[in-house]
Amino acid sequence: VDTRPNQGIMVTEETQASAHACSPAATRASSPESKANEKRRAQIMIVMNEDKPLVSEYIYYLLTQVEKVCLTESERVGNRKSMELGMPGFGCKHCCASDRKGLCRFFPARRRTLPAKIKD
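Rules and cut-offs
Within any chain, residue numbers begin from 1 and follow the written order of that chain's sequence. Note on the predicted model: pLDDT of at least 70 is required for a residue's local features to be given, and 80 or more for side-chain atom pairs to be given and counted; whole-chain, interface and lining totals, by contrast, use all residues. To obtain the side-chain values, all non-hydrogen atoms of the structure were included, while hydrogens and water were left out. The helix and strand labels rest on DSSP assignments: H or I over at least four residues marks a helix, E over at least two residues marks a strand, and numbering proceeds from the N terminus. Note on exposure labels: buried denotes an accessible area under 20% of the residue type's maximum, exposed denotes more than 50%, and partly exposed covers the range between, all computed with a 1.4 Å probe on protein chains only. Between two residues, a contact is recorded if the distance between any of their heavy atoms is within 4.5 Å. Accessible areas in this description were obtained via Shrake-Rupley with a 1.4 Å probe; residue shielding takes into account the shown protein chains only. Strands are labelled as partners when DSSP assigns at least two bridges between them. The predictor attaches a confidence to each residue, called pLDDT, with possible values from 0 through 100. By definition, a salt bridge exists where a carboxyl oxygen of Asp or Glu is found within 4 Å of a side-chain nitrogen of Lys or Arg. Think of it this way: a Phe, Tyr or Trp ring, Trp meaning its six-membered ring, pairs with another when their centres are within 6.5 Å, and the plane angle makes it stacked under 30 degrees, edge-to-face over 60, tilted otherwise. As used in this structure description, the phrase polar contact means that two N or O atoms lie within 3.5 Å; if the pair is within protein, one of them must be able to donate a hydrogen and the other to accept it, and residues adjacent in sequence are counted only when both atoms belong to side chains. Only buried Ala, Val, Leu, Ile, Met, Phe, Trp, Tyr and Cys residues count toward a nonpolar core, and they belong to the same one when joined by side-chain atoms within 4.5 Å.

**Section: the overall build of the chain**
1) Next: Assigned secondary structure in the chain consists of five helices and three strands.
2) Next: Listing the helices and strands of the chain from first to last along the sequence gives α-α-α-β-β-α-β-α.
3) Next: Taken across its 120 residues, the chain has 18% of its residues classed as buried.
4) Next: Partitioning the intrachain contacts of the chain with sequence separation of at least 6 by distance along the chain shows that 46% fall at a separation of at least 24.
5) Next: Counting only carbon and sulfur atoms, one obtains 56% of the accessible surface of the chain, whose full area is about 10,100 Å².

Put into structure tokens, the structure is as follows:
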């Protein structure tokens, strides 16, 4: 049993080299199709710099991390089955850049849904 106090995660040149050799979590190999999607994907931000004085710093930062997305056919399952194809929603900008879909995308069906989801 190690009796030394926990020093946390130690970053060394060896661990950095090992980390750089790994692919990011939950990413897929790049394909010609995903490259084409990347070129077509136009990032639509939810807030602009001029919006900053209108909201709290937290809400502004939170909204800088999402972008506008549209519901695709492959996402129309479960509770989303009745939603209209192309319905606008919010998506994590980092996940969108990696062409990920699923729980990182949110499609509020009613106005009351959005504040409840922000609390999550």
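**Considering the pairing of strand 2 (residues 88-92)**
Sheet faces and side chains relate simply in a regular strand, where the side chains alternate between the two faces.
1) Next: Here strand 2 shows a buried face lined by Gly-89 and Gly-91 and an unburied face lined by Pro-88, Phe-90 and Cys-92.
2) Next: Here strand 2 runs beside strand 3 (residues 105-106); their pairing, made up of two bridges, is antiparallel. Within the sheet, the bridge partner assigned to Phe-90 lies in strand 3 and is Phe-106.

**With respect to the confidence of the model for the chain**
1) Next: In the predicted model, the chain carries a mean pLDDT of 74, and 63% of its residues have values of at least 70.
2) Next: Mean pLDDT across the elements of the chain ranges from a minimum in helix 2 (residues 32-40), with 47, to a maximum in strand 1 (residues 66-70), with 91.

**Description of the sheet that holds strand 1**
1) Next: Spatially, the three strands line up as an open sheet ordered 1-2-3, and their pairing is antiparallel. Edge strands, defined here as strands with exactly one partner in the open sheet, are strand 1 and strand 3.

**With respect to the pattern of salt bridges**
1) Next: For the coordinates displayed, the defined rule picks out three salt bridges.
2) Next: Residue Glu-73 pairs with Arg-76 through a salt bridge whose shortest N-O separation is 3.5 Å.
3) Next: Taking the relative accessible area as the measure of exposure, Arg-76 reaches 25% and is therefore partly exposed.
4) Next: Put simply, Glu-75 and Arg-105 hold a salt bridge, and the shortest N to O gap is 2.6 Å. With Glu-75 in the loop between strand 1 and strand 2 and Arg-105 in strand 3, the pair connects residues that are 30 residues apart, well separated along the chain. Neither residue differs from the other here; Glu-75 and Arg-105 are each classed as buried.

**Overview of the packing of aromatic side chains**
1) Next: The full count for this structure, using the stated rule, is one aromatic pair.
2) Next: Seen in terms of ring centroids, Phe-90 and Phe-106 are 6.3 Å apart; in terms of plane orientation they differ by 15 degrees. Their pairing is stacked. With Phe-90 in strand 2 and Phe-106 in strand 3, this residue pair connects regions lying 16 residues apart in the sequence.

**Let's talk about the side chain of Arg-105**
1) Next: Overall, Arg-105 belongs to the buried group, its relative accessible area being 8%.
2) Next: In this structure the side chain of Arg-105 is engaged in a polar contact, spanning 2.6 Å, whose partner is the side chain of Glu-75.

**Here we look at the nonpolar core**
1) Next: One finds Val-69, Leu-71, Met-83, Met-87, Cys-96 and Phe-107 forming the largest nonpolar core, which totals six residues.
2) Next: Beyond its immediate sequence surroundings of up to four residues, Val-69 is in contact with Met-87, Pro-88, Gly-89, Phe-90, Gly-91, Cys-96, Arg-105 and Phe-107.

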